[in-house]
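Residues per chain are reported as follows:
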Amino acid sequence: MRAVNGISFSLDRGRTLGLVGESGSGKSVASLTMLGLTRSPNTDFAGEVLLDGVDVLNLPETALRDIRGRRVAMVFQDPLSSLHPMHRVGWQVVEAIQTHERVSMKAARARAVDLIRTVGIPSPESRVDAYPHELSGGMRQRVMIAMALALRPEILIADEPTSALDVTVQAQILQLLSRLQDETGMALILVSHDLGVIAEHTDEVAVMYAGRIVEHGPGDVVIGRPLHPYTCGLLGSIPHVDGPRTTRLTPIPGSPPSAVRLPEGCAFHPRCVLAQRSCELEVPTLELVEPGHRIACPVVAHDRSLALPALPAS
Amino acid sequence: MSAAPDAPLLRVQDLVKHFPARGVTRQRGAVVHAVDGVSFEIRLGQTLGLVGETGCGKSTVARLVTRLLEPTSGRIEYQGTDITHWSRRRLRPLRRQIQIIFQDPYSSLNPRRRVGSIVGDPLRAHGIGGRSEQQRRVAEILQLVGLDPTHADRYPHQFSGGQRQRVGVARAIVTNPRLVVADEPVSALDVSIQAQILNLVADLRTEFGLALLFISHDVSVVRHVSDRVAVMYLGKIVELAETERLFSAPAHPYTAGLLAAVPLARTQGSRRQRVDIPGEPPSPLAPPSGCRFRTRCPFAQQVCTEVEPPLEPRAGSLVACHFPLGGGREGNAAARVTAT
């Protein structure tokens, strides 16, 4: 099974890349692989992940372990399963610090309290001794972010960091991430299925379908005037909270393919209204259609007037 | 049951449901105030959206209205008749008229039964038609919800998530119900599939002219499907209004903050700068005194801690707030919350 297939992108310091796609599109596997977390005897992978020019995936495990956490950190979707239920949250932050740095217990604890304050948890001196179950979902996610930030990473990978949270709390967490990014200058890879989250919080967007990037470019271009039929279809599928009220959505027909049995040629062709004979034969590659904007769809790339409307009919 | 000519199909008054608190850390006698005095009505052909965040009691309302849970107090009227305390036996004939669609298309379908028999179940339970008639009806309904009737002998695992939810919809409408309660029917689905199901629900509503109680945490989805929307917070309705009105000029600070918190999948210049509702909802074990939203409300005053605001008519909508927003035109209310 090919969960991820031929993904390439680069990211500068201080910038945010959004990886967007539906379940099974490979966005989580892509982010785990960047940290070498899918390395196992049963897994094959090819390609390189360059961190300041050094290929991370070819490093021995010990060197890689040093990069994880210290230079690249990760926040996962579900804080309850990522935190140890039987340790106090402060201790878990301390552990993250002491794994990578030789600091005294006292200094590490002081830093943990500081971090917990930074991520906006009220009364950090007492909350540091709370167990995960004593905190709400939003507070737990803040603890996860505190742990991820403990070693001032250069890159933070956030995999659906707010998908388990209510929308008012989601807004708080996303604002927190933006603020911390401004303060530390770290790069952020934000993985989400939510086009709204991606549109509002990223500089650059890569849309994934069936393990491949199908459209990639500046956020306002990919969300504002997308060209790939899949991106257009996604945007036409969602109702909006403002603007003219929609009576009818324009869904993408069919459902996403299984990664075990991908369609021949372009994986999207069975669901694509623009599909031609050639789409069934050849796997499309990303083509530059305008500066910084690439799509994996030769049909639209060669005739931009074919691009679908990206709004639900109102 | 003979209905008063203009009675709403469903009327709910002061509905309350308290659960005993469970778990080792909870003290004895503690009570979860899941639903605490909820009133609304729905007419045939209408859709009422019920929106709110985790734990606000919206799913409990779904289960109370369908009489799957026994209310602590309050009144449920169906076609003008009080059915609040009807026995199971007495409710049976009514069940073909009141149906529910669940959130999870995986756990709500029996994996060991064929789809045709799942969809035909309500027909058999209510003794509607003979065997061949039932089969015909099942095929017809499967067709209607966009499934291949020849797949009736397949099992749920042979279908995708979206198709399974179509099965759930088919089961709910096979008896020609008059009231359908849909509890987060699209929340487990990917957006491209969600749109298919939302269009299906819209079609069925027109086709059957039924009354729909549509429950969701997703305000955009609720806006899309509903004629009127009720916003719930911690067991209470804080605002109830026509959809257009609620979204263009929200009157309750919570509604305004909830709408402002939704990230927009479109580009309008740079990122919006927003300050949102701070904190998180308090525990329904011990709701705050007075107004339940006051602990997070930017406009809360002394009176809000002392007096609980009733749900009162105000400029065409119902609002439970001492200091409702507005008078203003579109966006003003949201802007005021944003500015704090």
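Per-chain numbering applies: the sequence of each chain, read as written, is numbered from 1 onward. Lettering for chains starts from A, numbering for ligands starts from 1, and both go in the order in which the items are written. Side-chain atom pairs in this predicted model are given and counted only at pLDDT of 80 or more, local residue features only at pLDDT of at least 70, and totals for whole chains, interfaces and linings cover all residues.

**Side note on the overall build of chain A**
Scanning chain A from N- to C-terminus turns up 12 helices and 10 strands. Here chain A has a C-alpha radius of gyration of 21 Å; the compact-globule value for 314 residues is 20 Å, and the two agree. Based on the C-alpha atoms only, the size of chain A along its principal axes is roughly 65 × 50 × 35 Å. Residues counted as buried form 49% of the 314 residues belonging to chain A. Two residues qualify as being in contact provided that their C-beta atoms, derived from the backbone, are within 7 Å of each other. Counting contacts in chain A only where the partners sit at least 6 residues apart, residues at least 24 apart contribute 63% of the total. Secondary structure elements are taken from DSSP: a helix is a run of H or I of four residues or more, a strand is a run of E of two residues or more, and numbering for both begins at the N terminus. Throughout, radius of gyration means the C-alpha value; the globule benchmark is 2.2 Å times the number of residues raised to the power 0.38. Three exposure classes are used, based on other C-beta atoms lying within 10 Å of a residue's own C-beta, which is placed from the backbone: buried for 20 or more, exposed for 12 or fewer, and partly exposed in between.

**Digging into the overall build of chain B**
Counting its secondary structure elements, chain B contains 11 helices and 12 strands. Over its C-alpha atoms chain B spans a radius of gyration of 21 Å, differing by no more than 12% from the 20 Å that the globule rule assigns to 340 residues. Its C-alpha atoms put chain B at 65 × 50 × 50 Å along the principal axes. Expressed as a percentage of its 340 residues, the buried residues of chain B come to 48%. Within chain B, counting contacts between residues at least 6 apart in sequence, those at least 24 apart form 68% of the total.

**Details of the packing of helix α3 (residues 115-125) of chain B against helix α5 (residues 161-173) of chain B**
All names here are of chain B. Geometry is summarised by axes, namely lines fitted to C-alpha atoms with helices restricted to the contacting stretch, and by angles between N-to-C directions that run from 0 to 180 degrees. In contact at an axis separation of 7 Å, α3 and α5 are set at 30 degrees when each is read in the N-to-C sense. Considered as vectors, α3 and α5 are oriented roughly parallel to each other. Judged by the twist between their axes, the crossing of α3 over α5 is right-handed. Taking contact as the criterion, the partners of Val115, Ile118, Val119, Asp121 and Pro122 in α3 are, on α5, Val167, Ala170 and Arg171. Three categories are distinguished: nonpolar for Ala, Val, Leu, Ile, Met, Phe, Trp, Tyr, Cys and Pro, charged for Asp, Glu, Lys and Arg, and polar for the others, with Gly belonging to the last. Among the residues making up the contact of α3 with α5, the classes are represented as 6 nonpolar, no polar and 2 charged. For classification purposes, an angle smaller than 35 degrees is called roughly parallel, one larger than 145 roughly antiparallel, one from 65 to 115 roughly perpendicular, and anything else oblique. Handedness of a crossing is defined here by the sense of rotation of the near helix relative to the far one, left-handed for an anticlockwise turn of less than a right angle and right-handed for a clockwise turn.

**Topic: the sheet that holds strand β9 (residues 228-233) of chain B**
All names here are of chain B. A pair of strands is treated as paired once DSSP finds two or more bridges between them. The sheet built from 8 strands is open, its strands ordered β6-β7-β8-β3-β9-β10-β12-β11 with mixed pairing. Looking along the sheet, the strands with just one partner apiece sit at the ends: β6 (98-101) and β11 (312-314). The average angle at which neighbouring strand axes cross in this sheet is 20 degrees, direction not considered. Inspection of the sheet shows strand β7 (residues 179-183) paired to strand β8 (residues 211-216) by 5 bridges, in the parallel sense.

**Some thoughts on helix α1 (residues 27-34) of chain A**
Residue and element names in this part refer to chain A. The element α1 is extensively covered by neighbouring structure, given that 6 of its 8 residues are classed as buried. When we look at burial in α1, the residues that qualify are Lys27, Ser28, Val29, Ala30, Ser31 and Thr33. Close packing links the buried residues of α1 with β1 (16-20), β5 (155-159), β6 (187-192) and β7 (204-209). Backbone geometry just after α1 places Gly36 at a positive phi near 70 degrees.

**Description of the pairing of strand β8 (residues 212-218) of chain A**
Residue and element names in this part refer to chain A. Counting buried positions along β8 gives 6 out of 7 residues, so the element sits mostly inside the fold. By the bridge criterion, 6 bridges tie β7 to β8 in an arrangement that is antiparallel. Its bridge partner lying in β8, Val205 is registered against Gly217. Count of turn residues in the β7/β8 antiparallel hairpin: 2 residues, of which Ala210 carries a positive phi of about 50 degrees. Across 2 bridges, β8 lies against strand β10 (residues 293-295) in antiparallel orientation. Pairing of His216 across the sheet is with Arg294, part of β10.

**A few points about the interface of chain A and chain B**
Each partner contributes to the interface: chain A provides 34 residues, whereas chain B provides 36 residues. At the level of elements, α8 (167-184), α9 (195-201), α10 (219-224) and α11 (229-237) of chain A are the ones that each hand at least two residues to the side of chain A that touches chain B.

**A short note on the domain arrangement of chain A**
Residues and elements named next belong to chain A. Domain boundaries in chain A define domain 1 (1-202) and domain 2 (220-314). Boundaries between domains were set according to an automatic or database domain assignment. Put simply, the middle of domain 1 and the middle of domain 2, counted by C-alpha atoms, are 30 Å apart. Every contact between the two is made by 7 residues of domain 1 and, on the other side, 7 residues of domain 2.

**A few points about the sheet that holds strand β4 (residues 73-78) of chain B**
If you trace the 4 strands from one edge of the open sheet to the other, you get β2-β1-β4-β5 (chain B), paired in antiparallel fashion. Edge positions in the sheet fall to β2 (31-42) and β5 (81-82) of chain B, since each has one partner strand and no second.

**Some details on the nonpolar core**
Residues of type Ala, Val, Leu, Ile, Met, Phe, Trp, Tyr and Cys that are buried and joined through C-beta atoms within 7 Å form what is called a nonpolar core. The biggest cluster of nonpolar side chains holds 192 residues, and the ones touching the most others in it are Val93(A), Ala146(A), Val207(A), Leu213(B) and Val231(B). With 8 residues, helix α7 (residues 137-149) of chain A is the single largest residue contributor to this core. Looking at which domains feed residues into this core, each of domain 1 (1-202) and domain 2 (220-314) of chain A supplies at least three. Those residues in contact with Leu213(B) that sit more than four places away from it in its chain are Ile42(B), Leu48(B), Leu50(B), Ala62(B), Val65(B) and Val181(B).

**Here we look at the confidence of the model for chain B**
Where the model shows low pLDDT, its predicted coordinates should not be examined in detail. All names here are of chain B. The predictor attaches a confidence to each residue, and that confidence, scored 0 to 100, is pLDDT. When pLDDT is averaged across chain B, the result is 88; 90% of the residues are at 70 or more. In this model residues 269-273 is a low-confidence stretch, pLDDT under 50, and it forms 2 contacts with partners more than four residues away in sequence or in other chains. Below a pLDDT of 50 lies the segment residues 328-340, which in the model reaches 27 contacts outside its immediate sequence neighbourhood of four places, other chains included. Among the scores for the predicted complex, ipTM is 0.86 and pTM is 0.89.

**Quick look at the packing of α11(A) against helix α6 (residues 191-208) of chain B**
Running from N to C, α11(A) and α6(B) cross one another at 45 degrees; their axes reach a closest spacing of 8 Å. One way to sum up the angle between α11(A) and α6(B) is to call them oblique. The crossing of α11(A) and α6(B) is left-handed. From α11(A), Gly233(A), Leu234(A) and Ser237(A) reach across to α6(B), where they touch Val191(B), Ser192(B), Gln194(B) and Ala195(B). Split into classes, the residues belonging to the contact of α11(A) with α6(B) amount to 3 nonpolar, 4 polar and no charged.

**Quick notes on the environment of Asn5(A)**
All names here are of chain A. As for its placement among the helices and strands, Asn5 is situated in the segment before β1. The class of Asn5 is partly exposed, set by 17 C-beta atoms lying within 10 Å. Sequence separation between Asn5 and Ile213 is 208 residues; the distance between their C-alpha atoms is 8.5 Å. Sequence-distant contacts of Asn5, defined by excluding residues within four places in its chain, comprise Gly211 and Arg212.

**So, α5(B)**
Residues and elements named next belong to chain B. Multiply 1.5 Å by the residue count of a helix minus one, and that product is the helix's expected span. Its 13 residues give α5 an end-to-end C-alpha distance of 19 Å, which sits within 8% of 18 Å, the value for a rise of 1.5 Å per residue. Counting buried positions over the 13 residues of α5 gives 12, a clear majority of the element. Among the residues of α5, Gly162, Gln163, Arg164, Gln165, Arg166, Val167, Gly168, Val169, Ala170, Arg171, Ala172 and Ile173 are the ones counted as buried.

**A few points about the environment of Leu188(A)**
Residue and element names in this part refer to chain A. Topologically, Leu188 is positioned in strand β6. When the 22 C-beta atoms within 10 Å are taken as the criterion, Leu188 is described as buried. For the pair formed by Leu188 and Leu37, sequence separation is 151 residues and the distance between their alpha carbons is 18 Å. In contact with Leu188, not counting residues within four places along its chain, are Thr16, Leu156, Ala158, Leu177 and Gln181.

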